[in-house]
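One-letter residues, chain by chain:
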There are 2 protein chains.
Amino acid sequence: MSESKTVSLAEQMRRGELFSTQCPSREILKHVTSQWGVLVLVALMGGTHRFSELRRKVGGVSEKMLAQTLQYLERDGFVCRVSFPVVPPHVEYSLTPLGRDIGLKVEALADWIESNLPSIMSVQATADQEVVEQQA
Amino acid sequence: MSESKTVSLAEQMRRGELFSTQCPSREILKHVTSQWGVLVLVALMGGTHRFSELRRKVGGVSEKMLAQTLQYLERDGFVCRVSFPVVPPHVEYSLTPLGRDIGLKVEALADWIESNLPSIMSVQATADQEVVEQQA
DNA sequence: CAGTATCCTCATTGATACTG
DNA sequence: CAGTATCAATGAGGATACTG
């Protein structure tokens, strides 16, 4: 597990370099695992959506953050943006093959949490109770 | 976190409520998918670590953020903290069964990104090139 | 060693207003 | 409808100092 200070870019891209500050994966990971990134990916796993549809579906997201999130995901090659030159404007967002692939992973994570929420919340309750007992 | 809204807790826990602002999953998701949460979980998938070991392994993390991240993950029931009453202090962090379960999902996501990084970066390069062409 | 406490900064985010 | 622009506020995060 020893590494030298002078690692090449190719070397950085190899598996296990995730822990390095310079690893490009860190940026991608941030886009994908961001608060709105996760929700947008999961939403788009359900099919193509228009901008306003996404805005309504993803509770609490602002126009600005939705636009920014979509731009990141599009630039990373996960989201496909199709603009129809009509009045009023009509834009559709969908997942690319790459996006569906990673969407599967993100969805698995989100689903796991939703499914195990009862367990987690009961653990939290126990932990909080112990804290109260210690303070008493 | 007090309830007493119009939506019952049982209702909130149902699948698909992830898009709701009030869904408790949102908080868990934030802890797990946070910048340092992801890296700590992946690191602990490799086995038990001490605080300073984690600090060295996870590049760029500050003491404060590492401590905070570990506290969140411990409270959510993903991380187990064992403190040995010796001088100097000795504390070991490991994953609970619940933590290993979700760690698997997070690791899958991180691994996918590392494996597909070349594809993603080439897509990015193409996208950036198109932007340049449009501006010209 | 393994933290906590404090202060401080700057990036992320939200609200609002405006545009093609 | 689908954004962009601008500004303000929040809070994530870092640096430092201190403690059990």
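Residues numbered from 1 in each chain as written. Chains lettered and ligands numbered in written order. Predicted model: local features only at pLDDT ≥ 70, side-chain atom pairs only at ≥ 80, totals over all residues. Heavy atoms only, no water.

Within an unreviewed UniProt entry, the label attached to chain A reads Transcriptional regulator, and the organism entered is Geomonas terrae.

Asker: How would you sum up the sheet that holds strand β2 (residues 79-84) of chain A? Please name residues and give values.
Answerer: Residue and element names in this part refer to chain A. One open sheet holds the 3 strands; their spatial order is β1-β3-β2, and the pairing between them is antiparallel. Each edge of the sheet is formed by a strand with only one pairing partner; in this case those strands are β1 (49-50) and β2. Note that β2 and strand β3 (residues 90-95) share 6 bridges and pair antiparallel. Across the sheet, residue Phe 84 finds its bridge partner in β3, namely His 90. Contacts between helix α3 (residues 35-45) and the sheet are confined to β1, β2 and β3, with β3 contributing the most and set at about 90° to the helix. (Pairing = 2+ DSSP bridges. Helix = DSSP H or I, 4+ residues; strand = E, 2+ residues; numbered from the N terminus. Contact = heavy atoms within 4.5 Å. Axes fitted to C-alpha atoms, helices over the stretch in contact; angles between N-to-C directions.)

Asker: So, the interface of chain B and chain A: which residues are in play, and what are the values?
Answerer: Counting from both sides, the interface comprises 52 residues of chain B and, opposite them, 53 residues of chain A. Three residues, Phe 19, Trp 112 and Glu 114 of chain B, lead the burial of chain B against chain A; their summed loss comes to 16% of the area buried on that side. Summed over the shared surface of chain B and chain A, the result is 0 salt bridges. Between the two partners, chain B and chain A, sit 12 residue pairs in polar contact (both at pLDDT 80 or more). For the side of chain B that touches chain A, the secondary structure elements donating two or more residues are α2 (25-33), α3 (35-45) and α6 (97-135) of chain B. Ranked by residues supplied to the side of chain B that touches chain A, first place goes to α6 of chain B with 21 residues. Tallied by class, residues from the side of chain B that touches chain A come to 29 nonpolar, 11 polar and 12 charged. (Buried area = accessible area lost by both parts, 1.4 Å probe. Salt bridge = Lys/Arg side-chain N within 4 Å of Asp/Glu carboxyl O. Polar contact = N/O pair within 3.5 Å; in protein donor to acceptor, adjacent residues only side chain to side chain. Nonpolar A, V, L, I, M, F, W, Y, C, P; charged D, E, K, R; others polar.)

Asker: Outline the protein's contact with DNA strand D, supporting the account with residue identities and numerical values.
Answerer: Near DNA strand D there are 17 residues, and of these Arg 50, Ser 52 and Tyr 93 of chain A together with Lys 64 and Pro 89 of chain B occur at the shortest range. Counting only atoms of DNA strand D within 4 Å of the protein, the sugar-phosphate share comes to 59%. Take Pro 89 of chain A: an N or O atom from its main chain is 3.3 Å from a sugar or linking oxygen of DNA strand D. At a separation of 2.5 Å, a phosphate oxygen of DNA strand D approaches a polar side-chain atom of Tyr 93 of chain A. Counting only elements with at least two residues in the surface near DNA strand D, the list comes to α4 (51-57), α5 (63-75) and β3 of chain A together with α5 (63-75) of chain B. (Near = heavy atom within 4 Å.)

Asker: Give a detailed account of a nonpolar patch on the surface, specifying residues and quantitative values.
Answerer: Residue and element names in this part refer to chain A. Together, Val 82, Phe 84 and Val 86 line one region of the surface with nonpolar side chains, adding up to about 220 Å² of accessible area. Note that Phe 84 resides in strand β2. When its relative accessible area of 35% is taken as the criterion, Phe 84 is described as partly exposed. (Patch = residues over 30% accessible without salt bridge, like charges linked within 9 Å, V, L, I, M, F, W, Y side chains within 5 Å. Areas by Shrake-Rupley, 256 points an atom, 1.4 Å probe, with all protein chains shown as cover. Buried < 20%, exposed > 50% of the residue type's maximum accessible area, 1.4 Å probe, protein only.)

Asker: I'd like a rundown of unusual backbone geometry, residues and numbers included.
Answerer: Omega for the peptide link from Val 87 of chain A to Pro 88 of chain A comes to 0°, which places this bond in the cis form. With respect to the element layout, Pro 88 of chain A can be found in the loop between β2 and β3.

Asker: Quick rundown of the sheet that holds strand β3 (residues 90-95) of chain B? Include the residues and the values.
Answerer: Residues and elements named next belong to chain B. The strand order across the open sheet built from 3 strands is β1-β3-β2, with neighbouring strands paired in antiparallel fashion. Because the sheet does not close on itself, it has two edges, and the strands there are β1 (49-50) and β2 (79-84). Contacting β1, β2 and β3, α3 crosses the sheet at an angle of about 90° to β3.

Asker: Hey, could you go over the protein's contact with DNA strand C for me, with residue numbers and the actual values?
Answerer: Close to DNA strand C lie 17 residues, the nearest being Lys 64 and Pro 89 of chain A together with Arg 50, Ser 52 and Tyr 93 of chain B. In DNA strand C, atoms within 4 Å of the protein come 59% from sugar and phosphate. The side chain of Arg 50 of chain B places a nitrogen or oxygen atom 2.7 Å from a phosphate oxygen of DNA strand C. Backbone polar atom of Pro 89 of chain B to a sugar or linking oxygen of DNA strand C: 3.4 Å apart, as the coordinates give it. Elements that contribute at least two residues to the surface near DNA strand C include exactly α5 of chain A together with α4 (51-57), α5 and β3 of chain B. The leading source of residues in the surface near DNA strand C is α5 of chain B, at 4 residues. For the surface near DNA strand C, the class distribution of residues is 9 nonpolar, 3 polar and 5 charged.

Asker: Pulling in residues and values, what's your account of the packing of aromatic side chains?
Answerer: Tallying each qualifying case throughout the model produces 2 aromatic pairs over all chains. Pairing Phe 78 of chain A with Trp 112 of chain B gives two aromatic rings, centres 6.1 Å apart and planes at 50°, and the pair type is tilted. Separated into two different chains, Phe 78 of chain A in the loop between α5 and β2 and Trp 112 of chain B in helix α6 make up a pair that spans both. Neither Phe 78 of chain A nor Trp 112 of chain B differs from the other in exposure class; each is buried. (Phe/Tyr/Trp six-rings, centres within 6.5 Å; stacked < 30°, edge-to-face > 60°.)

Asker: Can you tell me about the packing of α3 of chain A against α5 of chain A, naming the residues and giving the values?
Answerer: Packed helices, taken two at a time, are described by the angle between their axes plus the distance between the axes. All names here are of chain A. In contact at an axis separation of 10 Å, α3 and α5 are set at 75° when each is read in the N-to-C sense. Overall, the two elements α3 and α5 adopt an arrangement that is roughly perpendicular. Here Trp 36, Gly 37, Val 40 and Leu 41 of α3 come into contact with α5, specifically with Met 65, Leu 66, Thr 69, Leu 70 and Leu 73. Each residue belonging to the contact of α3 with α5 can be placed in one class, and the counts come to 7 nonpolar, 2 polar and no charged. (Parallel < 35°, antiparallel > 145°, perpendicular 65-115°, else oblique.)

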